[in-house]
Amino acid sequence: MNIKRTSFPRVVIVGGGFAGVALAKKLSKQDLQVVLLDKNNYHTFQPLLYQVSTGGLEPDSIAYPIRKILKNFPNFHFRLAHVEEIDTEKNKVITNIGELNFDYLVIASGSTTNYFGNKAIEKYSMAMKTIPQSLNLRSLILENFEDALLTSDLNERNALMNFVIVGGGPTGVELAGALAEIKKGILPKDYPDLDTRLAQIHVIQSGNCILKGMSAKASESAEEFLEKLGVNVWKNVRVTNYDGRTVTTNTDLTFETATLIWAAGVKGKTIKGLDAENFVTRGNRLIVNEFNQVKEFDHIFAIGDVACMVTEAYPNGLPMMAQPAIQQGDQLGDNILRLIEEQPMQPFIYKDKGTMATIGRNKAVVDLRKFKFQGVFAWYIWMFVHLFFLIGFRNRMVVFINWVYNYVRFDREARLIIRPFKKTLK
């Protein structure tokens, strides 16, 4: 990899998400050699992926070059690489571009879509965890309406204009709200010769409420907002299969759709060498202690979505969201320095700063530690928080200007089919 050994201890970080970047920023000013490995050369602001999928934003406004984030740190190295295996005996990372020894290793590989073993759903549904996946979904949505114009088969047309979102968490709810706004304000203008009123948006939730991790008031308000936008919310319904056209459930309900969007869960993205049963727990996450050390190791850590830290407040592990990842990355930086200096490490304590979700124009729900908001004020809070945590002044300005333009014009000008996408139905 052309990274020379120095007298400084080498810390290898796998993953350039929220956790990995927070840790790299904390360590890169210290007397350490920090190496960050990722298969992409950019950091993705995942909470806004749904806006890329629905034409509200272009992908470069929610992505930022990793090298630019850490460009002023002389002991920092980035390599574009896919990590294939961890050799825990030889303290070596094995990648597609070579091998690299480490003194300390931090797994911050994040999460991937969890299909719960259903191969048909994995094959035929659409995920939205990465920028390429979001662009594929954007193309498919737009292509569906182009195809609907061309067919004379009413059932085919309805299937092309029906969208089924599986999962009533923030991702599913926000995506449903965005699609509903497109149906209401944009499609009638773009397709005047198509009866877009026939388009249907369904959210299917296996539990008895949407936004399960939020307050009952937030859940009720979000459902009310969605229903006012014309979204059909189905609770206590579990999707069992999808063949590319028909969605079957554990009830008598079936849905005919050309687009099933799977937002029903994620799982940790573990790596060979640390994927054995004794390292992994529920959700395919690595078992870590209160210092984020992977079980059985003193010098190997895991942070972010891939790490499962069980606490009294979170018996199933900390939530797989940005804030725990950022906080873990920041504190682990201090703990690695303490470890090197042979000082006692400090246990990680998650500070819950609240959760939020937006459900379209002027509609959002926000749960803070002491206060809960719904409606317009919550929408402003949601916008401010997301702008604040975006990396890069340019990205903040581009997103802000796009939001203002979209709000004033009731438009989403990034509805472009840059690269056509077709699902394989064989």
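Preceding this section is the structure that the text describes.
Here's what I pulled together on the structure shown here.

## Topic: the packing of aromatic side chains
Then, number 1: With the rule as written, the count across this model stands at 14 aromatic pairs.
Then, number 2: When the centroid spacing of 5.8 Å and the interplanar angle of 75 degrees are considered together, the rings of Phe18 and Phe45 count as edge-to-face. Of this pair, Phe18 sits in helix α1 (residues 18–27) while Phe45 sits in the loop between β3 (42–44) and α2 (49–53), placing them 27 residues apart in sequence.
Then, number 3: By relative accessible area, which is 16% here, Phe18 ends up buried.
Then, number 4: On the basis of relative accessibility, which here comes to 5%, the residue Phe45 falls in the buried class.
Then, number 5: Pairing Trp382 with Trp403 gives two aromatic rings, centres 5.5 Å apart and planes at 35 degrees, and the pair type is tilted. Note that Trp382 is positioned in helix α11 (residues 376–389) and Trp403 in helix α12 (residues 393–409), a separation of 21 residues in sequence.

## Some points on the sheet that holds strand β9 (residues 104–107)
Then, number 1: Read from one edge to the other, the open sheet built from five strands follows the order β5-β2-β1-β9-β21, with strand pairing classed as parallel. A single partner strand is all that each edge strand has here, and the edge strands are β5 (76–80) and β21 (300–302). The mean inter-strand angle of the sheet, taken between neighbouring strand axes irrespective of direction, is 20 degrees.
Then, number 2: Where β9 meets β21, three bridges bridge the pair, whose relative direction is parallel. By the bridge assignment, Leu105 is partnered in β21 with Ile300.
Then, number 3: Running at roughly 160 degrees to β9, helix α10 (residues 322–340) makes contact with β1 (10–14), β9 and β21 of the sheet.

## Looking at the side chain of Gln328
Then, number 1: Structurally, Gln328 can be placed in helix α10.
Then, number 2: Take Gln328: its relative accessible area is 2%, and that puts it in the buried class.

## Some thoughts on the layout of surface pockets
Then, number 1: Of the voids in this model, the second largest pocket is the one considered here, and its volume is about 440 Å³.
Then, number 2: Lining the second largest pocket are 26 residues, and of these Arg361, Trp379, Trp403, Asn406 and Tyr407 lie nearest its centre.
Then, number 3: Residues of the lining of the second largest pocket, tallied by class, amount to 15 nonpolar, six polar and five charged.

Quick notes on the rules
Residues numbered from 1 in each chain as written. Predicted model: local features only at pLDDT ≥ 70, side-chain atom pairs only at ≥ 80, totals over all residues. Heavy atoms only, no water. Phe/Tyr/Trp six-rings, centres within 6.5 Å; stacked < 30°, edge-to-face > 60°. Helix = DSSP H or I, 4+ residues; strand = E, 2+ residues; numbered from the N terminus. Buried < 20%, exposed > 50% of the residue type's maximum accessible area, 1.4 Å probe, protein only. Pairing = 2+ DSSP bridges. Axes fitted to C-alpha atoms, helices over the stretch in contact; angles between N-to-C directions. Contact = heavy atoms within 4.5 Å. 1 Å grid on protein atoms, 1.4 Å probe; cavity = no way out; pocket = protein on both sides within 12 Å on 5 of 7 lines; lining within 4 Å. Points joined across faces, edges and corners; volume = space filled by probe spheres on them. Nonpolar A, V, L, I, M, F, W, Y, C, P; charged D, E, K, R; others polar.

Honestly, that's just the spatial picture; any functional story needs more than this.
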